[in-house]
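Report on the structure
The chain contents come next:
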Amino acid sequence: MSTVLDQIIAGVRDDLADRQSQTPLDQVIAQIETAPAVRDPMPAFRAPQLSIICEVKRSSPSKGSLAEISDPAELALAYAGGGAAAISVLTEQRRFGGSLADLDLVRWRVDQPILRKDFTVEPYQIYEARAHGADLILLIVAALDDKQLSRLHQLTTELGMTALVEVHTPEEARRAVALGAELIGVNNRNLKTLDVDLSMFERIAGAIPDGVVKVAESGIKSPAHAARVSAAGAHAILVGEALVTDAHPGAAIAAMIAAGSINSQE
């Protein structure tokens, strides 16, 4: 039986084939020459205070519609005002309601590094992300074998970008560490059941060595949650639902930073 992740990736591949037929790879690579310069997110992530990657996300497979977000750039500006270290833009359309157009709008309005949040399975998507001004891309270990993971991680580095390597189990964490990933995210969401358990980060963080920036993802909805994962070793958190559904996302970001920074590590 296929998992939710399998189903999402099947759709991603179908949509990717359509884009490849419309815009050949050589054209995408040519567009990189005029793309905005890459912004390095790592200094902010390594700063003493807890960093927040704030997400522009309209919907999700687990919750359905979250927010209309008619102007992604306006939301991103609110995030920036609240102290976001980076901004994540969902570009997967079928389950998350995103697009590369959202990324374009955000890129031209904010200075923060931008994560293209999608299900990266082919090199084309990495060239595409850079052509649209992304600074980070997501690599989900559960979706890739070691050869694919290495190839995509190397290409990301060659283009000057940073890979957020996402794991869900201790074994996946070991694979990410063996890859040499500098930025590892622990997703608290089970991709088979979509259930969220904040203790997932607490259990897996110990398998990630010092020197690697650790990101806690999913299920972080309050300052108390931010403080909890920070105490467990998180240098950064990725927050989507709690921010897109908050009438005052800038204030919510500031509160999470303040709460999480009490236990933040160097």
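These lines cover the structure that appears in this document, whether it is placed above or below. (Residues numbered from 1 in each chain as written. Predicted model: local features only at pLDDT ≥ 70, side-chain atom pairs only at ≥ 80, totals over all residues. Heavy atoms only, no water.)

A few points about the overall build of the protein chain
Helices and strands together make up the secondary structure of the protein chain, namely twelve helices and ten strands. Computed over C-alpha atoms, the radius of gyration of the protein chain comes to 17 Å, within 12% of the 18 Å expected from 2.2 N^0.38 for 266 residues, which places it in the range of a compact globule. The buried share of the protein chain, reckoned over its 266 residues, is 55%. Counted over contacts in the protein chain with a minimum sequence separation of 6, partners at least 24 positions apart contribute 68%. Summed over all atoms, the accessible surface of the protein chain reaches about 11,200 Å², with 50% contributed by carbon and sulfur. (Helix = DSSP H or I, 4+ residues; strand = E, 2+ residues; numbered from the N terminus. Rg over C-alpha atoms; globule rule 2.2 N^0.38 Å. Buried < 20%, exposed > 50% of the residue type's maximum accessible area, 1.4 Å probe, protein only. Contact = heavy atoms within 4.5 Å. Areas by Shrake-Rupley, 256 points an atom, 1.4 Å probe, with all protein chains shown as cover.)

Digging into the nonpolar core
By size, the foremost hydrophobic cluster in this structure holds 89 residues, and its most contacted members are F45, Y79, I87 and I237. With six residues, the top contributor of residues to this core is helix α1 (residues 4-22). With sequence-adjacent residues up to four places away left out, Y79 is seen in contact with C54, E55, V56, A84, I87, L243, V244, P249 and I253. (Core = buried A, V, L, I, M, F, W, Y, C linked by side-chain atoms within 4.5 Å.)

Observations regarding the pairing of strand β9 (residues 213-217)
The buried fraction of β9 amounts to five of the five residues, a majority that puts the element mostly inside the structure. Residues of β9 alternate between two faces, with V213, V215 and E217 on one and K214 and A216 on the opposite face, all of them buried. Across five bridges, the pairing between strand β8 (residues 183-187) and β9 is parallel. Pairing of G185 across the sheet is with V215, part of β9. Each parallel crossover has a hand, and for β8 linked through helix α9 (residues 199-204) to β9 it is right-handed. With three bridges connecting them, β9 and strand β10 (residues 236-239) associate as parallel partners. Looking across to β10, one finds that E217 is bridged to L238. Regarding topology, helix α10 (residues 223-231) serves as the crossover connection from β9 to the parallel β10, and that connection is right-handed. (Pairing = 2+ DSSP bridges. Right-handed = clockwise from strand over helix to strand, strands pointing away.)

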